[in-house]
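# Tertiary structure, described
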Amino acid sequence: MTQAITIIRGALLSIGVIDANTAPDAAQTEDALTSLNDLIADWSASQALLSYSSNQENYAFSSSVASLTVGPTGDKVTVRPLKILNPFLRVGSIDYPNQQIAEAEYYAIPDKSLSGGYCAYLWYDATDINGTIYLYPCGVSGQTLYWDSVTPLQTFATINDTVTLPPNYLRALRLNLAVELAPEYGVEPSQTLVRLAAAAKRGIKIINLAVPHMTSEAAYLSSYGGRSNIITDSPA
């Protein structure tokens with residue numbers, strides 16, 4: 001468990017604002033807490049690879065569905081995912097692969113209302129307030145879509161709030177907060193500090209990077225009786 005004050009004190013120590021025998025005053029901690037939460041929010045909003053928390057979620061189709069919203073006011077009420085991973089479709093006791101495609105690939109599909117067979121492809125658009133999952137072919141009654149939601153990093157309400165962070169996150173937040181705070185105190189962060197902060201942040205991204213893997217199109221092909229290009233709807 002990590003307290004915000006631990007990260008803040010370490011950051012201020014790193015840029016020489018306080019020493020090992022001095023505690024930051026109220027104004028310093030309040031300012032640093034704001035900067036810490038801004039840093040976390042930025043990492044969550046624009047750099048999803050820095051988020052480590054994910055949980056499996058699902059949505060059961062009760063009719064033909066071409067898209068569904070995911071978020072606090074969505075079709076699936078939950079925390080809006082920054083991104084989704086490992087989607088698959090369950091029909092009865094059988095799981096079928098579902099492959100994520102890019103926005104351009106989804107918009108190139110001629111007939112997005114196609115229904116029947118198995119929902120084999122999806123594109124996730126992480127819009128605000130709710131994200132949207134676009135499906136192809138449409139999900140139909142009797143099918144349940146499963147996916148892992150990558151959720152935002154938790155911010156701190158007070159300096160004494162505690163959150164559970166992997167050890168590498170504690171170091172990365174402390175070093176990057178130090179770089180953020182330095183200009184406010186008229187301090188030029190050392191090149192060593194800047195380099196360490198960047199390396200710690202890069203290390204988290206590497207750890208969290210999902211390795212792409214091939215998925216089978218067998219379910220889709222068997223449903224539609226022949227090879228075709230799902231993007232152009234033409235023979236392969």
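Scroll up for the structure.
This one's a predicted model, so the numbers in the text were calculated from it and none came from an experiment. (Residues numbered from 1 in each chain as written. Predicted model: local features only at pLDDT ≥ 70, side-chain atom pairs only at ≥ 80, totals over all residues. Heavy atoms only, no water.)

What follows covers the overall build of the protein chain. The helix and strand inventory of the protein chain stands at six helices and 13 strands. Evaluated residue by residue, the protein chain yields a buried proportion of 40% over its 236 residues. Across the protein chain, the fraction of contacts at a sequence separation of at least 24, relative to all contacts at a separation of at least 6, is 70%. Surface accessibility of the protein chain: about 12,000 Å² in total, with carbon and sulfur atoms responsible for 53%. (Helix = DSSP H or I, 4+ residues; strand = E, 2+ residues; numbered from the N terminus. Buried < 20%, exposed > 50% of the residue type's maximum accessible area, 1.4 Å probe, protein only. Contact = heavy atoms within 4.5 Å. Areas by Shrake-Rupley, 256 points an atom, 1.4 Å probe, with all protein chains shown as cover.)

Our focus in this paragraph is the nonpolar core. Grouped together as the largest cluster of nonpolar side chains are 29 residues, with contacts concentrated most on L36, F156, L173, L177 and L181. Looking at this core, the elements that each hand over two or more residues are α1 (4-14), α2 (26-46), α4 (167-181) and α5 (191-208). Excluding residues that lie within four positions of it along the chain, L173 makes contacts with I7, L36, L39, I40, W43 and L165. Residues F61, L122, I133 and L145 belong to the second largest nonpolar core, which totals 14 residues. (Core = buried A, V, L, I, M, F, W, Y, C linked by side-chain atoms within 4.5 Å.)

Per the counting criterion, the structure on display carries eight aromatic pairs. Between Y106 and Y107 the ring centres are 5.7 Å apart and the planes differ by 70°, which places this aromatic pair in the edge-to-face class. We classify Y106 as buried; its relative accessible area is 4%. On the basis of relative accessible area, Y107 is assigned to the partly exposed category, the value being 49%. Consider the rings of Y106 and Y134, whose centres lie 5.2 Å apart with planes at 45°: the pair is tilted. On the criterion of sequence distance, the pair formed by Y106 in helix α3 (residues 103-107) and Y134 in strand β9 (residues 131-139) is long-range, its members being 28 residues apart. (Phe/Tyr/Trp six-rings, centres within 6.5 Å; stacked < 30°, edge-to-face > 60°.)

Most of strand β10 (residues 143-150) sits out of view: eight of its eight residues are buried. Of the two faces of β10, the one holding Q143, L145, W147 and S149 and the one holding T144, Y146, D148 and V150 are both buried throughout. In terms of strand pairing, strand β2 (residues 54-60) meets β10 through seven bridges, oriented antiparallel. Each residue of the ladder has a partner; that of S54, found in β10, is V150. The pairing of strand β5 (residues 83-91) with β10 spans seven bridges and is antiparallel. Looking at the pairing, K83 lines up with V150 of β10. (Pairing = 2+ DSSP bridges.)

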